[in-house]
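Listed here are the chains, written in short residue letters.
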Amino acid sequence: MADIHKTQSWIGELPGKLRMIDQTRLPEKLVEIDCETVQQVWDAIKRLSVRGAPAIGVSAAYGTVIGMQGEMGLSRSDFNSKLTAVTNHLASSRPTAVNLFWALERMKKIAEETTLAEPAEVVTRLLAEARAIEFEDREMCAAIGQFGAELMPDDGGILTHCNAGGLATAGDGTALAVLFAAAEAGKQIHIFADETRPLLQGARLTSWECQQRNVPVTVICDSMAALVMREKKVHAVVTGADRIAANGDAANKVGTYSVAVLAKAHGIPFYVAAPSSTFDMSLASGNLIPIEERARDEISHGFGKQTVPDGVDVWNPAFDVTPAELIAGIITERGVISSVSTASVQAMIGSSRRH
Ligand code: MRU
């Protein structure tokens, strides 16, 4: 998928621009947009033209290059101030996915490591770092796919929530990389994609990716997950994550927690697939993960149709946190964390903070 329709790519050298699929237009239209200013990158992240934790990180890294490539004539101290302003602005786009902050920290570190270099040289290094973040994410997706595929049934249904595929990463995805690798290994799997209210990433994006890959998929309303599990059509659940705390509690698209509870009730293993860049070891538990709250009209006027009376209160948290005890395993690029706990997470990821 990533090679057929690249979720995002850097066009040119320096100066260059960030080209991305506008995911708000899928599945009706496959449209690409170009970002040439930091504000355009910020807006694209905010309105979910680019979304999914790793993809947001990659966009922010390239967004930093966009913000600095016109500033090569500044003194080094003014250049540093501008870099702080650019990264702070990009960091304000969405609060939950830690990959955003992780990527921006890596970009800031480049400037810290090159205090004696001219701005032009630092910008060259920033572009190389953004490319490295993109490349490493692609590699991490591939490794997650291989580790996760082994856990999947040889024949059976697998439910996923939201979109943790190629559109959400620089590679084949996290949860979907697992499912695509299982299918490529010859496993007879059938994917159930929760439609994922309110913005329908499952219905619009996950099913589109599965179709591109010729992997069988059925879209269900979120409220049908219990029924599909009860009728024994689902043998495993795999989702992505936006931020995983040190104890393994995992924030992902709102509704994931319900799916994990349902999986537990039906004796179905619930897996989270995520790269090490999604772990935030500075947070002891998921209670500390900041949860984005989005605009009322995503629920009251979803896709242009009013479905809630004017004046009625609406709450729109974009993510929820699945407690570690509901997670059968976290599939990372380094291996699978089973018996999820602070100790097992630390053993796989290390004890440092975000990276
Ligand atoms: O609001 P979104 O669409 O950015 O939410 C995305 C998710 O919840 C994904 O499951 C998560 O970022 C993992 S992507 C590999």
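Just so you know, these numbers come straight off a predicted model, no measurement behind them.

### With respect to the sheet that holds strand β3 (residues 32–35)
No. 1: The 3 strands are arranged β1-β2-β3 in an open sheet whose pairing can be described as antiparallel. Of all strands in the sheet, those bounded by a partner on one side alone are β1 (8–12) and β3. Here the strands of the sheet are splayed against their neighbours by 30 degrees on average, with no regard to which way each runs.
No. 2: Of the pairings in the sheet, the one linking strand β2 (residues 16–21) to β3 comprises 4 bridges and is antiparallel in character. Along β3, the bridge assignment pairs R19 with D34.
No. 3: Across the sheet, helix α1 (residues 38–46) lies against β2 and β3, angled at about 140 degrees from β3, the strand it touches most.

### Details of the site of the ligand
No. 1: In the vicinity of the ligand lie 18 residues, with R51, A53, R94, N252 and K253 positioned nearest.
No. 2: Note that an oxygen atom of the ligand is positioned 2.8 Å from one of the backbone N or O atoms of A53.
No. 3: Here an oxygen atom of the ligand sits 2.9 Å away from a polar atom, N or O, in the side chain of Q201.
No. 4: Burial of the ligand by the surrounding chains reaches 100%, relative to a free accessible area of 410 Å².
No. 5: At a threshold of 2 Å from the grid points, most atoms of the ligand map onto the largest cavity.
No. 6: For the shell around the ligand, the secondary-structure elements that each account for two or more residues are α2 (53–68) and β9 (250–253).
No. 7: Considered class by class, the residues forming the shell around the ligand number 7 nonpolar, 7 polar and 4 charged.
No. 8: Mapped onto the domain boundaries, the shell around the ligand takes at least three residues apiece from domain 1 (8–142) and domain 2 (145–349).

### Overview of the domain arrangement of the protein chain
No. 1: Examined at the domain level, the protein chain breaks down into domain 1 (8–142) and domain 2 (145–349).
No. 2: In total, domain 1 and domain 2 occlude about 2500 Å² of area from one another, counting both sides; carbon and sulfur atoms represent 56% of this.
No. 3: Interface area lost by domain 1 to domain 2 is led by R51, T96 and C141, which between them contribute 24%.
No. 4: One salt bridge connects R94 with E292, and the closest N-O pair in it is separated by 2.8 Å.
No. 5: Our count for the domain 1 to domain 2 interface comes out at 19 residue pairs in polar contact (both at pLDDT 80 or more).
No. 6: Residue assignment for the side of domain 1 that touches domain 2 shows that the elements contributing at least two residues are α2, α4 (98–113) and α5 (119–149).
No. 7: Top element by residues in the side of domain 1 that touches domain 2 is α5. It accounts for 6 residues.
No. 8: A per-class count over the side of domain 1 that touches domain 2 returns 17 nonpolar, 5 polar and 7 charged.

### Some words on the side chain of T196
No. 1: Summarising the element assignment, T196 is placed in the loop between β5 (188–194) and α7 (201–213).
No. 2: A polar atom in the side chain of T196 sits 2.8 Å from the backbone nitrogen of C162.
No. 3: Residues contacting T196, with those up to four places away along its chain left out, are H161, C162, Q201, G202, D222 and K253.

Procedures and definitions
Residues numbered from 1 in each chain as written. Predicted model: local features only at pLDDT ≥ 70, side-chain atom pairs only at ≥ 80, totals over all residues. Heavy atoms only, no water. Pairing = 2+ DSSP bridges. Helix = DSSP H or I, 4+ residues; strand = E, 2+ residues; numbered from the N terminus. Axes fitted to C-alpha atoms, helices over the stretch in contact; angles between N-to-C directions. Contact = heavy atoms within 4.5 Å. Near = heavy atom within 4 Å. Polar contact = N/O pair within 3.5 Å; in protein donor to acceptor, adjacent residues only side chain to side chain. Areas by Shrake-Rupley, 256 points an atom, 1.4 Å probe, with all protein chains shown as cover. 1 Å grid on protein atoms, 1.4 Å probe; cavity = no way out; pocket = protein on both sides within 12 Å on 5 of 7 lines; lining within 4 Å. Sits in = over half its atoms within 2 Å of the grid points. Nonpolar A, V, L, I, M, F, W, Y, C, P; charged D, E, K, R; others polar. Domains from an automatic or database assignment. Buried area = accessible area lost by both parts, 1.4 Å probe. Salt bridge = Lys/Arg side-chain N within 4 Å of Asp/Glu carboxyl O.

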